[in-house]
Amino acid sequence: MSTEATETGVDEIHILWTSEGMSCDGDTVSVTAASLPSIEDVVLQAVPGIPKVHLHNKVLAYETGDDFLAPFHRAAQGDLGAPFIFVVEGSIPNENIHTGDGYWTAMGNDPETGKPKTLNKWIDELAPKAWAVVAIGTCATYGGIHAMAGNPTGCMGLVDYLGDDFRSAGGLPVVNVPGCPVQPDNFMETLLWVLHQAAGLAPTIPLDEQLRPTWLFGKTVHEGCDRAAYYEQADFAYDYNSPKCQVKIGCWGPVVNCNVTKRGWMDGIGGCPNVGGICIGCTMPGFPDKFMPFMDEPPGGSLSSALLSVYGPFVRRMRSITNKSANTEPQWRHPGPKLTTGYQPRYPRV
Ligand code: SF4
Ligand code: SF4
């Protein structure tokens, strides 16, 4: 993906964050656990080089009601006085499928009509004006759980809604940071990159074809999993109390792009398969439908584990023999009266 940013050198910026998509606010809550950097570090400008940040997130804001909504309305009118990053949390419903007068989700009232202003209208107005648009969590990025088969809202991810050709005022496509919820530091690192780019201090953020930051989503869960050695030796868990590889009890790690096994959840602690929870593919565009039922063995898992079963037990046996040897000290380490290390003196003793 290559893009040209059109404006840099920003020294003050707003973050207009709506979680009024089909959302549980879980990504907002998750991000409060970040430390690399923390939200406080960003808002208090503890990170060198970033613009002064004005954060507008309903869960964290001091303002309520109309006071909270005022900067959103000003931004929609092109009257905010500084560039802004538009953060969208939650999937985007299809407001075109109503048979009546209702709406699926809204944020505040539309000053023109006095009626609830749909998230879709906010997106139509704010996304093209935003310096950058960031979709947080799998619902906003790809549709997520709310967009699963059988849902009544016809909801979708932000790029499904805005189109592949969308570019923000800063020249960027939607920046996707998936996860259900998002891993706290994954989001804050991405935000930090965008802030540094807006300040003219970073190149264009590198994104893959699914518009995810490449340094966060370039590897699979399996490639970072502490249990991968068990997998390679065909040593599998058959219940949820085992430290071994969980592919037979539902882990999708080998085919899922996510860094949580490497990174942990908060300060390196926690995670998913690395600490005993199967990976259900919550970062993936195909989530959840393509991974359900979660607690069944993935179809590819039985084939790869069958192939491994040919040499895995043999390799395990060989390693256990070598491990036993490596766990034994050499026999010349003793307090006896004779030196038995094989030492050859360079000059004869006199
Ligand atoms: S638990 Fe999952 S991610 Fe870890 S090694 Fe097994 S299959 Fe791979
Ligand atoms: S390891 Fe799997 S379940 Fe855990 S956050 Fe990553 S994609 Fe989601």
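Model, not experiment: these values are computed from the prediction.

J.: Honestly, the overall build of the chain in this entry has me stumped. Any pointers?
T.: Each helix and strand in the chain was counted, giving 11 helices and seven strands. Taken against the 2.2 N^0.38 rule, which gives 20 Å for 350 residues, the C-alpha radius of gyration of the chain at 26 Å runs more than 25% over that of a compact globule. Considering only C-alpha atoms, the chain reaches an extent of 100 × 55 × 35 Å along its principal axes. The burial tally for the chain puts 47% of its 350 residues in the buried class. Put simply, 74% of the contacts in the chain that link residues at least 6 apart link residues at least 24 apart. If you sum the accessible surface of the chain, you get close to 17700 Å²; carbon and sulfur atoms cover 55% of it.

J.: How do you make sense of a nonpolar patch on the surface when you look at a structure like this?
T.: Residues Phe314, Met318 and Ile321 make up a contiguous nonpolar surface patch of about 300 Å² in total accessible area. You can see methionine 318 is positioned in helix H11 (residues 299–326). Judged by its relative accessible area of 36%, methionine 318 is partly exposed.

J.: Looking at this structure, how should I read the site of ligand 1?
T.: All residues adjacent to ligand 1 are Val221, His222, Cys225, Arg227, Ala228, Cys245, Gln246, Val247, Cys251, Gly253, Pro254 and Pro273. According to the grid-proximity analysis, the pocket containing ligand 1 is the largest cavity. A breakdown of the residues in the shell around ligand 1 according to their chemical character gives eight nonpolar, three polar and one charged.

J.: Whenever I open this one, empty space enclosed by the protein confuses me. Can you help?
T.: Rolled over the atoms, a probe with the dimensions of a water molecule shows which regions are left empty. All chains considered together, the criterion is met by two cavities of 30 Å³ or more. In this structure, the largest cavity spans a volume of roughly 90 Å³. Lining the largest cavity we find 13 residues, and of these His222, Cys225, Cys245, Cys251 and Pro273 sit closest to its centre. Looking at the lining of the largest cavity residue by residue, the classes come out as nine nonpolar, three polar and one charged. In this structure, the second largest cavity spans a volume of roughly 40 Å³. Along the walls of the second largest cavity sit Ile15, Trp17, Ile39, Val42, Val43, Val53, Leu55, Met188 and Leu191, which together make up its complete lining.

J.: Could you clarify how one ought to interpret the pattern of salt bridges in this entry?
T.: A side chain with one charge may pair with a side chain of the opposite charge, provided their charged atoms come close. Inspection of every chain in the model, using the stated rule, returns 13 salt bridges. Note that lysine 117 and glutamate 125 form a salt bridge whose closest N and O atoms lie 2.7 Å from each other. For lysine 117, a relative accessible area of 3% corresponds to the buried category. The shortest N-O distance in the salt bridge between aspartate 208 and arginine 212 comes to 2.9 Å. For the pair shown, aspartate 208 and arginine 212 are each scored as buried. The network of salt bridges with shared partners includes Asp110, Glu112, Lys117, Lys121 and Glu125.

J.: Sorry if this is basic, but what is going on with the site of ligand 2 here?
T.: The immediate surroundings of ligand 2 are formed by Val221, Val256, Cys258, Val260, Cys272, Pro273, Cys279, Ile280, Gly281, Cys282 and Thr283. Among the residues forming the shell around ligand 2, the class breakdown is nine nonpolar, two polar and no charged.

J.: Help me understand the side chain of aspartate 235, please; the structure alone is not making it clear to me.
T.: By the secondary structure assignment, aspartate 235 is in the loop between helix H9 (228–232) and helix H10 (260–263). When neighbours within four sequence positions are excluded, aspartate 235 is seen to be in contact with Tyr230, Lys244, Cys245 and Arg316.

J.: Quick question: what am I supposed to make of the nonpolar core here?
T.: Nonpolar side chains in soluble globular proteins tend to be buried together. Formed by 59 residues in total, the largest nonpolar core has its most connected members in Ile85, Phe86 and Phe187. Residue contacts for phenylalanine 187: discarding those within four places in its chain leaves Trp17, Val31, Val87, Val134, Ile136, Val177 and Val182. Formed by 14 residues, the second largest nonpolar core is a distinct cluster that contains Ala237, Cys251, Phe287 and Phe291.

J.: Looking at this model, I keep getting lost on the side chain of histidine 14. Mind explaining?
T.: Take histidine 14: it is sitting in strand S1 (residues 12–18). Side chain to side chain, histidine 14 and histidine 56 meet in a polar contact 2.9 Å long. Aside from chain neighbours lying at most four places away, what touches histidine 14 is His54, His56, Leu80, Ala82, Pro83, Phe84 and Ile85.

J.: Is there a simple way to explain the packing of aromatic side chains in this structure?
T.: Any two aromatic rings considered together are summarised by their centre-to-centre distance and by the angle between their planes. Tallying each qualifying case throughout the model produces seven aromatic pairs. Here the aromatic rings of tyrosine 231 and phenylalanine 236 are separated by 6.0 Å at their centres, their planes lie at 90°, and the arrangement is edge-to-face. Across this residue pair, the class does not change: tyrosine 231 and phenylalanine 236 are buried. A ring pair is formed by phenylalanine 287 and phenylalanine 294, whose centres lie 6.1 Å apart and whose planes are at 15°; its orientation type is stacked. Of the aromatic side chains, those joined through ring pairs into one cluster are Phe68, Phe72 and Trp122. Over the aromatic face of tryptophan 122 sits the side chain of lysine 117, whose NZ or CZ is 3.9 Å from the ring centroid. The ring of phenylalanine 236 carries the charged tip of lysine 248 above its face, separated from the ring centre by 5.6 Å.

Definitions and cut-offs
- Residues numbered from 1 in each chain as written.
- Chains lettered and ligands numbered in written order.
- Predicted model: local features only at pLDDT ≥ 70, side-chain atom pairs only at ≥ 80, totals over all residues.
- Heavy atoms only, no water.
- Helix = DSSP H or I, 4+ residues; strand = E, 2+ residues; numbered from the N terminus.
- Rg over C-alpha atoms; globule rule 2.2 N^0.38 Å.
- Buried < 20%, exposed > 50% of the residue type's maximum accessible area, 1.4 Å probe, protein only.
- Contact = heavy atoms within 4.5 Å.
- Areas by Shrake-Rupley, 256 points an atom, 1.4 Å probe, with all protein chains shown as cover.
- Patch = residues over 30% accessible without salt bridge, like charges linked within 9 Å, V, L, I, M, F, W, Y side chains within 5 Å.
- Salt bridge = Lys/Arg side-chain N within 4 Å of Asp/Glu carboxyl O.
- Near = heavy atom within 4 Å.
- 1 Å grid on protein atoms, 1.4 Å probe; cavity = no way out; pocket = protein on both sides within 12 Å on 5 of 7 lines; lining within 4 Å.
- Sits in = over half its atoms within 2 Å of the grid points.
- Nonpolar A, V, L, I, M, F, W, Y, C, P; charged D, E, K, R; others polar.
- Points joined across faces, edges and corners; volume = space filled by probe spheres on them.
- Core = buried A, V, L, I, M, F, W, Y, C linked by side-chain atoms within 4.5 Å.
- Polar contact = N/O pair within 3.5 Å; in protein donor to acceptor, adjacent residues only side chain to side chain.
- Phe/Tyr/Trp six-rings, centres within 6.5 Å; stacked < 30°, edge-to-face > 60°.
- Lys NZ or Arg CZ within 6 Å of the ring centre and 35° of its normal.

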